[in-house]
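This is what each chain is made of:
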Amino acid sequence: MLEKFTQKAIDIVQNAQIQAGNFDSDKVYSEHILLALALNSKTVEAKLMGAEKINTDELINLINKKIYVKQKPKKREYISFSASAKSILEKSVEIAKEYKNALIMPAHIALSIFFSKNSGAYEVLREFDIDEEKIVNNLIRLIEKNSHKTYYKHPERLEPANQTIDNIDTLFGEQSVLNILNSARSKLSTMGYEILGTEQIAQSILDNPDNEITKILHKYGITKEIFDKELENFSDRNEEYGEKKIIFTPNAFRAMLCTLDTARESGSVEIRPEHIILGILKSKKGIAYKIFDNLSNHNLNFNEEILKDINSLTENVPETLAILRFAKQEAENFNKKTVGTEMILLGILIRQSSLAYNVLKKLGITLKDARREVENLVGYGVEDNTTGFEYSIRAKRMLDIAYEAAKRHGKTKIVSEHLLYAITKQPDCLAMKVLEALGTDVLEIKQGIKQELTREML
């Protein structure tokens, strides 16, 4: 739970444990949390709670009376938390979520005491001459202020997008993609078309019953025959062209770009038919997408369901996919919709069974410290982005670099060391700024990767 607490909030919790030890208590009680807040009277939260009106000696005496009947603990290094103390800490997390704060601050802990009417801490507070309503309102205003103080667009989204021709050449250089596109082109003459669209690409994939994605689509009642029948309902190709007419329909081109992103986000070096279908679904454009949308009864989560089915075919979740899932969870914890390089770095640190994690661990980089530095970079506030999760320009470039590194070394999967190497190739990205703030540099990281790879080969 404390992973989402700011350092100041962690200090309050740790001080509560110290106070419990000073009282020879068998557990950390809510009263100890209150005392830790009050003793830290220089903080804004303590002042808003009325700590200046609370005599510390009187507070200690009251708390001592409340818990004196508790059994003294046996000698041990760690004093556990009582149910009431856990409840206050859990409530502080709920308050942070309610006000869309990424992390828990002392103000959340203070407010949770006022919302815990049955706790010993609240009963002690009521013994003093404080204006509860005023304090609660002031704490809420402080929390609301923090939730909006960094309402911004992610720094790595402010850079101009640069979808290079190299990426497109890489995509169309894949033999598996070429096979599908050649099959799709052969359908053009029979249809009287000269321009390749998403519908021919999807047909070519469905033509092959051995494709795993074809089998998965069958599960949802989408067969070649049903798709072809649905295609007859489209008398023109306006869905494909949009406003322009080019050799490759704009929506087919967009879908293929999404295909490349999908393959890399799954950690795959090889571009497979399932990536193309997911690319079409992800693009949300074109005739093929319209057909899939109709046949899935306009299921908004169809893309995610297909992805789950694909992932279920492998016993273990691919390393890069797991890291990127953790990265999205971290972005959500920070109330962000953009997954930047800094979130991917946190994902690497969470996935502890990876080579990259071992490199960072030996360099003294911990998840707790990295989160603190990320907090300094992206803040608490809600990002000005109402859409779903998106990768920043730098994060996409990071995946491109990792993809090229994996392919260059003859690997079939992008793994953690490729991602960590990709961070070093963008010295101005947020992830590298976090690592530098924690005392390491590009040279040390690269050397660490080489040493770990050598160790694995022995």
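Above this text is the structure in question.
This one's a predicted model, so the numbers in the text were calculated from it and none came from an experiment. (Residues numbered from 1 in each chain as written. Predicted model: local features only at pLDDT ≥ 70, side-chain atom pairs only at ≥ 80, totals over all residues. Heavy atoms only, no water.)

A closer look at the overall build of the chain
Along the backbone of the chain there are 26 helices and two strands. Counting every position in the chain, which comprises 458 residues, the buried fraction comes to 52%. In the chain, 72% of the contacts between residues at least 6 apart in sequence involve partners at least 24 apart. For the chain, the exposed surface amounts to about 22900 Å²; the carbon and sulfur share of it is 48%. (Helix = DSSP H or I, 4+ residues; strand = E, 2+ residues; numbered from the N terminus. Buried < 20%, exposed > 50% of the residue type's maximum accessible area, 1.4 Å probe, protein only. Contact = heavy atoms within 4.5 Å. Areas by Shrake-Rupley, 256 points an atom, 1.4 Å probe, with all protein chains shown as cover.)

Points about the packing of aromatic side chains
A complete count under the given rule lists two aromatic pairs for this structure. The interplanar angle of 90° and the centroid separation of 5.2 Å between the aromatic rings of Tyr220 and Phe302 together place this pair among those described as edge-to-face. Of this pair, Tyr220 sits in the loop between α12 (212-219) and α13 (224-231) while Phe302 sits in helix α18 (residues 302-311), and the two are 82 residues apart along the sequence. Looking at Tyr220, the relative accessible area reads 25%, which means it is partly exposed. Its relative accessible area of 4% is what places Phe302 among the buried residues. Between Phe227 and Phe292 the ring centres are 5.5 Å apart and the planes differ by 50°, which places this aromatic pair in the tilted class. In this pair, Phe227 is assigned in helix α13 and Phe292 in helix α17 (residues 287-295), connecting sequence segments 65 residues apart. A relative accessible area of 0% places Phe227 in the buried class. The residue whose ring lies beneath Arg264 is Tyr403, and the NZ or CZ to ring-centre distance is 4.0 Å. If you follow Lys337 out to its NZ or CZ, it ends over the ring of Phe389, 5.1 Å from the centre. (Phe/Tyr/Trp six-rings, centres within 6.5 Å; stacked < 30°, edge-to-face > 60°. Lys NZ or Arg CZ within 6 Å of the ring centre and 35° of its normal.)

A short note on the environment of Arg394
Within the fold, Arg394 resides in helix α23 (residues 393-408). For the pair Arg394 and Asp428, spaced 34 residues apart in the sequence, the C-alpha separation amounts to 9.3 Å.

A look at the side chain of Glu274
Along the polypeptide, Glu274 turns up in helix α16 (residues 273-283). Relative accessible area serves as the criterion here: at 9%, Glu274 is assigned to the buried category. At 2.8 Å, the side chain of Glu274 and the side chain of Arg272 are in polar contact. Setting aside chain neighbours within four positions, we find Glu274 in contact with Ile213 and Ile310. (Polar contact = N/O pair within 3.5 Å; in protein donor to acceptor, adjacent residues only side chain to side chain.)

Points about the packing of α23 against helix α24 (residues 416-424)
Running from amino to carboxyl end, α23 crosses α24 at an angle of 125°, the nearest separation of the two axes being 8 Å. The pairing of α23 with α24 is recorded here as oblique in orientation. Helix-helix and strand crossings are classified by hand; for α23 and α24 the assignment is right-handed. Packed against α23, whose contacting residues are Met398, Leu399, Ile401, Ala402, Ala405, Ala406 and Arg408, the element α24 presents His418, Leu419, Tyr421, Ala422 and Ile423 at the interface. Considering only residue class, the contact of α23 with α24 consists of 10 nonpolar, one polar and one charged. (Axes fitted to C-alpha atoms, helices over the stretch in contact; angles between N-to-C directions. Parallel < 35°, antiparallel > 145°, perpendicular 65-115°, else oblique. Left-handed = near helix turned anticlockwise from the far one by under 90°. Nonpolar A, V, L, I, M, F, W, Y, C, P; charged D, E, K, R; others polar.)

Description of helix α6 (residues 106-114)
Since one α-helical turn is 3.6 residues long, residues separated by three or four positions face the same way. The buried fraction of α6 amounts to nine of the nine residues, a majority that puts the element mostly inside the structure. Along α6, the residues that are buried comprise Pro106, Ala107, His108, Ile109, Ala110, Leu111, Ser112, Ile113 and Phe114.

Considering helix α22 (residues 367-378)
Taking 1.5 Å per residue as the helical rise, α22 with its 12 residues ought to reach 16 Å, and the 16 Å between its terminal C-alpha atoms agrees with that figure. For α22, the set of buried residues is Leu367, Ala370, Arg371, Glu373, Val374, Glu375 and Val378. Buried residues belonging to α22 abut α19 (319-333), α20 (341-350) and α25 (430-437). Residue Gly379 follows α22 closely and has a positive phi angle near 75°. (Expected span 1.5 Å × (residues − 1).)

Notes on the pattern of salt bridges
In total, this model carries 13 salt bridges according to the counting rule given. Across the pair Lys224 and Asp207 runs a salt bridge, and its minimum N-O distance is 3.7 Å. With a gap of 17 residues between them, Lys224 in helix α13 and Asp207 in helix α11 (residues 198-207) connect regions that are remote in the sequence. As a salt-bridge pair, Arg272 and Glu274 come within 2.8 Å of each other at their nearest N and O atoms. Overall, Arg272 belongs to the partly exposed group, its relative accessible area being 31%. Here the salt bridges do not stand alone but share partners, grouping Lys117, Arg126 and Glu132 into one network. (Salt bridge = Lys/Arg side-chain N within 4 Å of Asp/Glu carboxyl O.)

Re the side chain of Ser204
Tracing the backbone through its elements, the reader meets Ser204 in helix α11. Relative accessible area serves as the criterion here: at 7%, Ser204 is assigned to the buried category. For Ser204, the side chain forms a polar contact with the main-chain oxygen of Gln200, separated by 2.9 Å. If we skip the residues at most four places from it in the chain, Ser204 touches Ile180, Ser183, Ala184 and Lys187.

A word on a negative patch on the surface
On the surface, a cluster of negative charge is contributed by Asp428, Glu436, Asp441 and Glu444. Structurally, Glu444 is set in helix α26 (residues 442-457). Of the residues examined, Glu444 reaches a relative accessible area of 37% and is grouped as partly exposed. (Patch = residues over 30% accessible without salt bridge, like charges linked within 9 Å, V, L, I, M, F, W, Y side chains within 5 Å. Lys, Arg positive; Asp, Glu negative; His and termini not counted. Charge placed at Lys NZ, Arg CZ, Asp CG, Glu CD.)

Everything listed is a geometric property; what it means functionally is a separate question.
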